2 protein chains.
Amino acid sequence: MTVKQPDQIEAWKAAELIARRELKAQDLLQACLDKINERESDVQAFAHLDVDGARARARALDNSPVSGLLHGLPLGVKDLFDTADMPSTYGSSIYAGHRPAADAGTVAMCRAAGAVILGKTVSTEFAYFSPGPTRNPHTRGDQPAHTPGGSSSGSAAAVAAGMVPLALGTQTAGSIIRPAAYCGIVGYKPSLGHVTLAGIKLLSRTLDVAGGFGRCVRDAALLGAVLTGDHDLRQLDQRSTPRIGLFRSPSWPQADTDTQAAWEQAQAVLTQQAACRDVSDPAGFGDLVALQKEVMAFEMAQALSHERLVHWSGLSHQIQQLFEIGVAVTGAQHAANLALVRHWRMRAEALFEGLDVLLTPSTTGEAPAGLSATGDPLFCRSWTLLGLPAVHLPFAKGRHGLPVGLQLIGRHGSDHQLLAIADWVHQRLKV
Amino acid sequence: MTVKQPDQIEAWKAAELIARRELKAQDLLQACLDKINERESDVQAFAHLDVDGARARARALDNSPVSGLLHGLPLGVKDLFDTADMPSTYGSSIYAGHRPAADAGTVAMCRAAGAVILGKTVSTEFAYFSPGPTRNPHTRGDQPAHTPGGSSSGSAAAVAAGMVPLALGTQTAGSIIRPAAYCGIVGYKPSLGHVTLAGIKLLSRTLDVAGGFGRCVRDAALLGAVLTGDHDLRQLDQRSTPRIGLFRSPSWPQADTDTQAAWEQAQAVLTQQAACRDVSDPAGFGDLVALQKEVMAFEMAQALSHERLVHWSGLSHQIQQLFEIGVAVTGAQHAANLALVRHWRMRAEALFEGLDVLLTPSTTGEAPAGLSATGDPLFCRSWTLLGLPAVHLPFAKGRHGLPVGLQLIGRHGSDHQLLAIADWVHQRLKV
């Protein structure tokens, strides 16, 4: 079997075909490489490509028994993850050519599951706001460029462009959900603490989460099963009627007409088919955005102390500004902030009373024009702060024909249920 | 001023003298180097010493304005922390000669505060049970050797032997409190999430905490102020009568006569001077030890996937066994374990009802004889799992003349109060 349209084949399907020896890992890889040849000069999703290594690996996998869940699936790895056989720059010129001694735990787990790591995908500088060269693959090179979102810019663009079926990302503010939304793919941010961060450049102890991208919920769940080690995540049989809370959030006034239209569309479908009710903002919920910003600034300034103190001139103006904000927060204020985070994480349970999941915007609208910024993580910050699992579902188009969608949020630790409902909802919204 | 007894000078006092230019950083360093010359061949606390670098640094600090809290203080850094200018082996031969690209965030913060990093201290292999060569400094080379405890073996031994006034450590089971107890110094494990782990070899997302060692509570608080960024931690004025819960814990039957004697001694003093009451075990509390073990095994097997999958033959039998236990835990079981951890972290509040802190054993007794094991973290596992801050207080001797003490535990985030009470209690127990 040859793969004509690698941008349409789903990872779980490809894995089944490879497992039955009806598809060769080498042919799937070749289809991805063809797509890269076609689009990469324009999209620039990769910071580093290892074509020879990937070919050798695919050949070896075609000659090996199938054991892992990702056997033969090409994978893009955000350049915030350490890789022992490829450079790892964390999106910063300070680390140009840097070669870590070991793979990140998650990277080693994906390899052990049979993934073919095709390369490192572009991250913004230390996963903050200073963008790499990646452009949104939904506009062609002769059209005005739009951002793919950030910070997992390259991973989202590579999956959306059909260069890889799966890719790894991380989220500290909105770095999985936002690029998934702008690029029109599924993004999955697991519950805080459910995926090892070993060998990932750490930014914020309170916020960092590793997750990934696929073209459908089933693909994101497949990747999530490997990252968490919980293979049950792949079982997406939602049998009961989902109970969905419609949570516009205090940031709703910032949602533009494209996001509002997607909201109306989803609401029309889901109020018919699911058990929906509106959820109003708990008092003080709107303050979580500012709290997330302050916690992130303080913790990034600490985590990146070496870079801040030794390599200041090698940093972008954006991250210099973040560090200036971070070091101005006192340690006592940060301790008080962490107590507030703890308090809100307990209170968050109440949002879900009588509900399975919440539906809420992912972004203010379509991917903004230009490549000098990666858009606003506004609608993600509070959920990241609460540590709750999130899945972005793409299903609509905005006024420029770019993707728009919404995210579903689950209780902490309810990833299995969240993914099952996300799949259920996505089936109904995509049509 | 020359320093005759560097094993007795306290860090906070030395910092004051240096700030007043009554003591030179170079002289304090020389006193530490003299002590190293005298004892290191026997104690073997250091995996790497950078004498020239430390001398140059002390000289530079003597010629610079005093700004940071640790100006001129020699510091030992556990070899689990990355250092850009020294090898970082994580206690494993796999990483022999490994030289990271950057300092750990905490190391950079200590440098910025003026610390003189004298070297890397011995860690057990990946901070688990396979010991390095370090021996407990409380026995001389012609006497039978006792373990210094682990995994922060070298840091605790170096402080206890007077080689450095302060040292960094980490705790995933009992790796700060246990070696502090066996070596007879103060160990401080901050609240989970209050110290950045960037650039520390990660083992367990749920458990890892960085902290440190000093010879008195004030020194541990000084180091804690730098590690957390919360300078208020140094203010140790406990004005009200502390309310102390006496919590023998479900592991009490494993406390030997030395720990029991220390307990009786502390109880006699504190029931006189503080507001004490017995706290009984909540139902199920005893199960936390097994829960901690299972969470640690699963998460270490994931975090160290690269080492487990690529370097199996370079691992000790102990850690191979741990990984075998870890990979046998299913992801679904781990998710259930994490839910239980969350539940218990909320329930832990109730232990402190009407109390400020809990007093509880640190270890089963004195440092065991021999260097083939590092003792049992039994009395620490539950507190690490709960993420609560802990301070070990040395104040007694066991039947072999080795140190014995107890630990105080605070509510999550109550580090300031815990340290103040620890200082108050320590003053009263030391006499």
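Attention here is on the structure that accompanies the text.

Structural notes on the overall build of chain A
Thinking step 1. Looking only at helices and strands, one finds 14 helices and 11 strands in chain A.
Thinking step 2. In terms of overall size, chain A behaves like a compact globule, its C-alpha atoms giving a radius of gyration of 20 Å where 431 residues would be expected to give roughly 22 Å.
Thinking step 3. By its C-alpha atoms, chain A is 60 × 55 × 40 Å across when sized along the principal axes.
Thinking step 4. Every one of the 431 residues in chain A was classed for burial, and the buried ones make up 61%.

Section: helix H9 (residues 288–303) of chain A
Thinking step 1. Between its terminal C-alpha atoms H9 of chain A stretches 22 Å, which fits the 22 Å expected from 16 residues at 1.5 Å a residue.
Thinking step 2. For H9 of chain A, the complete set of buried residues consists of Leu 288, Gln 292, Val 295, Met 296, Ala 297, Phe 298, Glu 299, Met 300, Ala 301, Gln 302 and Ala 303 of chain A.
Thinking step 3. On the buried face of H9 of chain A, the contacting elements are helix H10 (305–310), helix H11 (317–328), helix H12 (331–347) and helix H13 (378–386) of chain A together with helix H4 (105–112) of chain B.

Some remarks on the sheet that holds strand E4 (residues 166–171) of chain B
All names here are of chain B.
Thinking step 1. With respect to topology, 11 strands assemble into an open sheet ordered E1-E3-E2-E4-E6-E5-E10-E11-E9-E7-E8, the strand pairing being mixed. The sheet terminates laterally at strand E1 (46–49) and strand E8 (275–278), the two strands that pair on one side only. With direction set aside, neighbouring strand axes in the sheet form an average angle of 25°.
Thinking step 2. In the sheet, strand E5 (residues 186–189) pairs with strand E6 (residues 209–214) via three bridges, with the strands oriented antiparallel. Looking at the pairing, Tyr 188 lines up with Gly 212 of E6.

Section: the relation of the copies chain B and chain A
Thinking step 1. The two copies are related by a screw motion: chain B maps onto chain A through a turn of 180° and a shift of 0.0 Å along the axis, at an RMSD of 0.0 Å. When the rotation and shift are considered jointly, the pair of chain copies conforms to a two-fold rotation axis.
Thinking step 2. Looking at the interface residues of chain B, 100% of them are also at the interface in chain A, so both copies use one shared face.

Some remarks on the pairing of strand E3 (residues 116–121) of chain B
All names here are of chain B.
Thinking step 1. Of all six residues that make up E3, six are buried, and the element is covered over most of its length.
Thinking step 2. Both E1 and E3 contribute to a ladder of three bridges, which runs antiparallel. Paired with His 48 across the two strands is Lys 120, which belongs to E3.
Thinking step 3. Both strand E2 (residues 74–78) and E3 contribute to a ladder of five bridges, which runs parallel. By the bridge assignment, Gly 76 is partnered in E3 with Gly 119.
Thinking step 4. Traced from E2 through H4 to E3, the parallel crossover comes out right-handed.

Observations concerning the interface of chain B and chain A
Thinking step 1. Contact with chain B, which involves 41 residues of that partner, is made by 41 residues of chain A.
Thinking step 2. When contributions to the side of chain B that touches chain A are tallied by element, the ones reaching two or more residues are H4, helix H9 (288–303), helix H10 (305–310) and helix H12 (331–347) of chain B.
Thinking step 3. For the side of chain B that touches chain A, the element with the highest residue contribution is H12 of chain B, accounting for eight residues.

Remarks on the sheet that holds strand E1 (residues 46–49) of chain A
All names here are of chain A.
Thinking step 1. Here we have 11 strands laid out as an open sheet, ordered E1-E3-E2-E4-E6-E5-E10-E11-E9-E7-E8, and mixed in their pairing. For this open sheet the edge positions go to E1 and strand E8 (275–278), each flanked by a neighbour on one side alone. Neighbouring strand axes in the sheet, compared pairwise and without regard to direction, differ in orientation by 25° on average.
Thinking step 2. Of the strands in this sheet, strand E4 (166–171), strand E5 (186–189), strand E6 (209–214) and strand E10 (390–397) touch helix H7 (residues 217–228), which is tilted by about 145° from E6.
Thinking step 3. Relative to E10, helix H14 (residues 415–430) is tilted by about 5°, and along the sheet it contacts strand E9 (357–361), E10 and strand E11 (403–410).

Observations regarding helix H14 (residues 415–430) of chain B
Residue and element names in this part refer to chain B.
Thinking step 1. Its 16 residues place the ends of H14 21 Å apart at the C-alpha level, agreeing with the 22 Å of an ideal helix rising 1.5 Å per residue.
Thinking step 2. Of all the residues in H14, the buried ones are Asp 415, His 416, Leu 418, Leu 419, Ala 420, Ile 421, Ala 422, Asp 423, Trp 424, Val 425 and His 426.
Thinking step 3. Looking at the buried residues of H14, the elements they touch are helix H7 (217–228), helix H8 (257–273), strand E9 (357–361), strand E10 (390–397) and strand E11 (403–410).

Overview of the environment of Ala 369 of chain B
All names here are of chain B.
Thinking step 1. Position of Ala 369 among the secondary structure elements: in the loop between E9 and helix H13 (378–386).
Thinking step 2. Given 15 C-beta atoms within 10 Å, Ala 369 falls into the partly exposed group.
Thinking step 3. Sequence separation between Ala 369 and Arg 140 is 229 residues, and the spatial gap between their C-alpha atoms is 13 Å.
Thinking step 4. Those residues within four positions of Ala 369 in sequence are excluded, and the remaining contacts are Pro 144 and His 146.

Structural notes on the nonpolar core
Thinking step 1. With 270 residues, the main nonpolar core has Leu 75 of chain A together with Leu 75 of chain B as its most contacted residues.
Thinking step 2. Ignoring anything within four residues of it in the chain, the contact list for Leu 75 of chain A reads Leu 70, Cys 110, Ala 115, Val 116, Ile 117, Leu 118, Val 164, Leu 166, Ala 167 and Leu 168 of chain A.

Reading the values: the criteria
- Residues numbered from 1 in each chain as written.
- Chains lettered and ligands numbered in written order.
- Predicted model: local features only at pLDDT ≥ 70, side-chain atom pairs only at ≥ 80, totals over all residues.
- Helix = DSSP H or I, 4+ residues; strand = E, 2+ residues; numbered from the N terminus.
- Rg over C-alpha atoms; globule rule 2.2 N^0.38 Å.
- Buried ≥ 20, exposed ≤ 12 C-beta atoms within 10 Å, placed from the backbone.
- Expected span 1.5 Å × (residues − 1).
- Contact = placed C-beta atoms within 7 Å.
- Pairing = 2+ DSSP bridges.
- Axes fitted to C-alpha atoms, helices over the stretch in contact; angles between N-to-C directions.
- Least-squares fit on C-alpha atoms with pLDDT ≥ 70 in both.
- Right-handed = clockwise from strand over helix to strand, strands pointing away.
- Core = buried A, V, L, I, M, F, W, Y, C linked by C-beta atoms within 7 Å.

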